[in-house]
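Overview (structure and organization)
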Amino acid sequence: MLKIENLQARIEEKAILKGINLDIKPGEVHAIMGPNGSGKSTLASVLAGREDYEITGGTVDFMGKDLLELSPEDRAKEGLFLAFQYPVEIPGVSTTNFIKTAVNEKRKYQGLEALDAAQFLKTMKEKMKLVQIDQSLLSRSLNEGFSGGEKKRNEIFQMAMLEPKLAILDETDSGLDIDALRIVANGVNQLRSADNAFLVVTHYQRLLDYIVPDFVHVLYNGRIVRSGTKELALELEEKGYDFIKAEVEKETV
Amino acid sequence: MDAITILKETYSLQTANAGSLHAFQEDNWAQFTAWGLPALKHEEWKYTRIRNAFSDKMVTASHALPQLADLHKHFLPGLEEANRIVFVNGRYAPELGFIADNDNSLQVAPLQNAAEEDAEFISLHLGHSRQYHADGINALNAAFAAGGVYIKVKKGKTLSAPIVIYHFADSTDGIRFSQPRVLGNIEAGAQAMIVEHYINLGKGETLTNEVIELCTGQDAVLHYIKLQDEGNNSSHTGTTHIRQLAKSLTHAVTLTLSGKIVRNNLNMVMEAANGESHLYGLYLLDNETLADNHTIVDNAMPNCYSNELYKGIMDGQSTGVFNGKIFVRKDAQKTNAYQSNKNILIGSQSSANTKPQLEIFADDVKCSHGCTIGKLDDDALFYLRARGISEDNARALLLHAFAMDILDQIKDESVRSFADQIISNRLSFTV
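Structural notes, computed from the coordinates. (Residues numbered from 1 in each chain as written. Chains lettered and ligands numbered in written order. Predicted model: local features only at pLDDT ≥ 70, side-chain atom pairs only at ≥ 80, totals over all residues.)

**Digging into the overall build of chain A**
Check the secondary structure of chain A and you find ten helices and twelve strands. Taking the principal axes of its C-alpha atoms as reference, chain A extends roughly 65 × 40 × 35 Å. Here chain A holds 253 residues, and 42% of them are scored as buried. The contacts in chain A between residues at least 6 apart in sequence include a share of 72% that link residues at least 24 apart. (Helix = DSSP H or I, 4+ residues; strand = E, 2+ residues; numbered from the N terminus. Buried ≥ 20, exposed ≤ 12 C-beta atoms within 10 Å, placed from the backbone. Contact = placed C-beta atoms within 7 Å.)

As structure tokens, then:
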């Protein structure tokens, strides 16, 4: 589904990604862990098409298409979704109106009819249950004045509405208390299927207790330095990132 | 023949018929002759080359009035049955008007007649705005006041429908020059909404120089909406002068959605204690157009509250100008006055000039002002695009949201949705 080969990116003059390789197949959940500043969020942003980064090398194939050639909106319409670490507050745009526009633009791209008001409302009601989000929240301006938990639930709600092939969760656990974390993880788990895949970017292991990954990768200094199964996450939790840093530095010496 | 000669000839043709307003007109014509048209070196006109709008192609001759049936299509949807005042080429046309509140709550009459019947009110208030605008433009309008209208909303009456003032300008024969004049008397306890709307009946250019002066009595409520979407062939200089004679509530929304050179003066003159006023404005410009909003909130007495928010979106090579004056005179203790001006530049050659100007002579007041000039928020744009919304639609959504703050201030549903439609079309939002 997603094949990343030797991906390199920089912001201004600073190289952040220094050759990432990753292969994600339908039905899989991959976790990317790593210390602060290792390039986790950069990877998520680059995949979603944020233009602040300059791609300096490598390729990304997304279901047969050259992902890096697509605009952010076309990536979304092709089935890529980024749950933002910091969802943006947009005064004056109602969440409902926004999500309706997004859903219908995607349907148009797929050659489908726009949903009418009744169909849209029905779908919305179903998906709202997934993340226990309230109608009143959705009629408010997008993310404006939402609590941290409400913002993250809104991200997962949008994900449910857009039914992506590949969802990237960028530190979705940050700023969440344990109850909100459970609700968010539960929403994600219900959306898992054999046809879609998830890339979960996180600093802490605790999210992975709820969203159990098939593979865990450790990103350090712009490269994936370890890959393994969920046990790797537990090992990191126990030993901290320092042991990885130490090992990597030993190898490069 | 240059513009001044055209004006002079037009003036001498009409002033003989000014009746009871003859002396008022003569005085103002003399003042106009002394001041002339403002040049860029005039501090109040430094961004707005208004002299260029006055050209030798100006047309002032009157024609036969249009048929009412032909004007229907221009009436605001949903307000066809509202109170209607019609100006054609700057002159009040009573035949084309309509009174919905026919229970004697509303009186509409030619200003000339009123000058005889309500002589005291007229002598106190007609021309009051000139002391705020020593620039010839205001005096020029006053020299043609006899073509104006007088509106009285009677004591304690609440109008069932807005008063919509339509300004039709026929630009078929040249640059149509019109000078509408309105004097309104919103008596104690009365409540009214006045909507002004401007329509170019031809494909040529128009230039309108308007003065509307409105007074509110004790506990009166006045909503005023100026809706400008006459097209980019139309230039406008207008003064809206709202004078609170006693504690009252006044609320103004100015929407400039098109126009070649547009200058709006809005004065809130708060002469009584405990008054409240609101000033909102939106200018949505493109191509080489210019909109210049000059506002004045003049606090003379204690305990008044005013809130002001003007927003602008500039595309193409357009220019937005905002100048907001707040005067707090020495007796106006406990004044609360807030002002904000926010601009988004979307055209690479567009510009905005903004200037708050506070003059405070009392020592116990709360005043604040702020202004911003920026572009659309990149993070917000990316967020919308990352959900599959095209860049154009994402921009349109954000700009529309920016404009909504002002649109929401329009308290009449019909006017609001009419304006919203124009704005949505302009931002070309498509799904």
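**Brief notes about the packing of helix H3 (residues 95-109) of chain A against helix H6 (residues 148-162) of chain A**
Each pair of packed helices can be summarised by the angle the axes make with each other and by the distance between the axes. All names here are of chain A. At a minimum axis distance of 10 Å, the contact between H3 and H6 shows a crossing angle of 30°. Between H3 and H6, the crossing angle belongs to the class labelled roughly parallel. For H3 against H6, the interelement crossing comes out right-handed. Packed against H3, whose contacting residues are Thr95, Ile99, Ala102, Val103 and Lys106, the element H6 presents Asn154, Gln158, Met161 and Leu162 at the interface. Of the residues assigned to the contact of H3 with H6, the class counts are five nonpolar, three polar and one charged. (Axes fitted to C-alpha atoms, helices over the stretch in contact; angles between N-to-C directions. Parallel < 35°, antiparallel > 145°, perpendicular 65-115°, else oblique. Left-handed = near helix turned anticlockwise from the far one by under 90°. Nonpolar A, V, L, I, M, F, W, Y, C, P; charged D, E, K, R; others polar.)

**Remarks on the environment of threonine 256 of chain B**
All names here are of chain B. Structurally, threonine 256 can be placed in strand S13 (residues 249-256). Distance from threonine 256 to aspartate 292, taken between C-alpha atoms, is 9.7 Å for residues 36 residues apart in sequence. Threonine 256 has contacts with Gln228, Val262, Asn264, Tyr283 and Ala291, leaving out every residue within four places of it along the chain.

**Considerations on helix H7 (residues 378-385) of chain B**
For H7 of chain B, the buried fraction is high: six of the eight residues fall into the buried class. Within the span of H7 of chain B, buried status applies to Ala380, Leu381, Phe382, Tyr383, Leu384 and Arg385 of chain B. Among the structural elements, helix H2 (72-78) and strand S7 (90-94) of chain A together with helix H8 (391-407) of chain B are those in contact with the buried residues of H7 of chain B.

**Regarding the sheet that holds strand S1 (residues 2-11) of chain A**
All names here are of chain A. Strand order across the open sheet formed by four strands is S2-S1-S4-S5, with antiparallel pairing between neighbours. If you trace the sheet from one side to the other, it starts and ends with strand S2 (14-24) and strand S5 (65-66), each paired once. Bridge count for strand S4 (residues 54-62) against S5 is two bridges, and the pairing is antiparallel. Paired with phenylalanine 62 across the two strands is lysine 65, which belongs to S5. Against the sheet, helix H1 (residues 40-48) contacts S1, S2 and S4, and its axis sits at roughly 70° relative to S2. (Pairing = 2+ DSSP bridges.)

**Here's the deal with the interface of chain B and chain A**
Opposite the 18 residues of chain B that make contact, chain A presents 21 residues. Sorting the residues of the side of chain B that touches chain A by element identifies H7 and H8 of chain B as the ones contributing at least two each. Looking at the side of chain B that touches chain A, the element that brings in the most residues is H8 of chain B, giving seven residues. Split by residue class, the side of chain B that touches chain A holds ten nonpolar, three polar and five charged.

**Focus: helix H4 (residues 117-130) of chain A**
All names here are of chain A. Taking 1.5 Å per residue, 14 residues should reach 20 Å; H4 reaches 21 Å between its end C-alpha atoms and fits that length. Along H4, the positions that sit buried rather than exposed are Met124, Lys127 and Leu130. Within H4, the buried residues cover an arc of 95° as seen down the axis, which keeps them to one side. Turned more than 90 degrees away from the buried face of H4, the exposed residues are Ala118, Lys122, Lys125, Glu126 and Lys129. In this structure, the buried side of H4 is in contact with H6 and helix H7 (178-191). Following H4 by one or two positions, glutamine 132 has its phi on the positive side, about 50°. (Expected span 1.5 Å × (residues − 1). Arc of directions from axis to C-beta.)

**Some thoughts on the sheet that holds strand S6 (residues 80-83) of chain A**
Residues and elements named next belong to chain A. On the basis of which strands lie adjacent, the open sheet formed by six strands has the order S6-S9-S10-S3-S11-S12 and mixed pairing. Each edge of the sheet is formed by a strand with only one pairing partner; in this case those strands are S6 and strand S12 (223-228). Across this sheet, the average inter-strand angle for adjacent strands is 20°, counted without regard to direction. In this structure, strand S11 (residues 215-220) lies alongside S12, joined through five bridges in antiparallel fashion. Within S12, the residue paired with tyrosine 220 across the bridge is arginine 223. Lying on the sheet, H1 is in contact with strand S3 (29-33), S6, strand S9 (166-170), strand S10 (197-202) and S11; it crosses S9 at an angle near 145°.

**Focus: the environment of histidine 125 of chain B**
All names here are of chain B. Along the chain, histidine 125 turns up in helix H5 (residues 119-125). Taking the C-alpha atoms as reference, histidine 125 lies 9.4 Å from glycine 184; in sequence the two are 59 residues apart. Setting aside residues no more than four positions away along its own chain, histidine 125 makes contact with Leu183, Glu213, Cys215 and Arg243.

**Let's talk about unusual backbone geometry**
Unusually for a residue other than glycine, glutamate 12 of chain A sits at a positive phi of about 50°. Looking at the element boundaries, glutamate 12 of chain A is found in the loop between S1 and S2. On the basis of neighbour count, glutamate 12 of chain A is assigned to the exposed category, with 7 C-beta atoms found within 10 Å. Non-glycine residue asparagine 104 of chain B carries a positive phi angle of around 70°.

**Points about the pairing of strand S9 (residues 191-200) of chain B**
Two faces make up the sheet, and in a regular strand the side chains alternate between them. All names here are of chain B. Among the ten residues of S9, eight are classified as buried, and the element is accordingly described as predominantly covered. Two elements, strand S6 (residues 163-169) and S9, share seven bridges in a ladder whose sense is parallel. Bridge pairing in S9 places histidine 167 opposite tyrosine 198.

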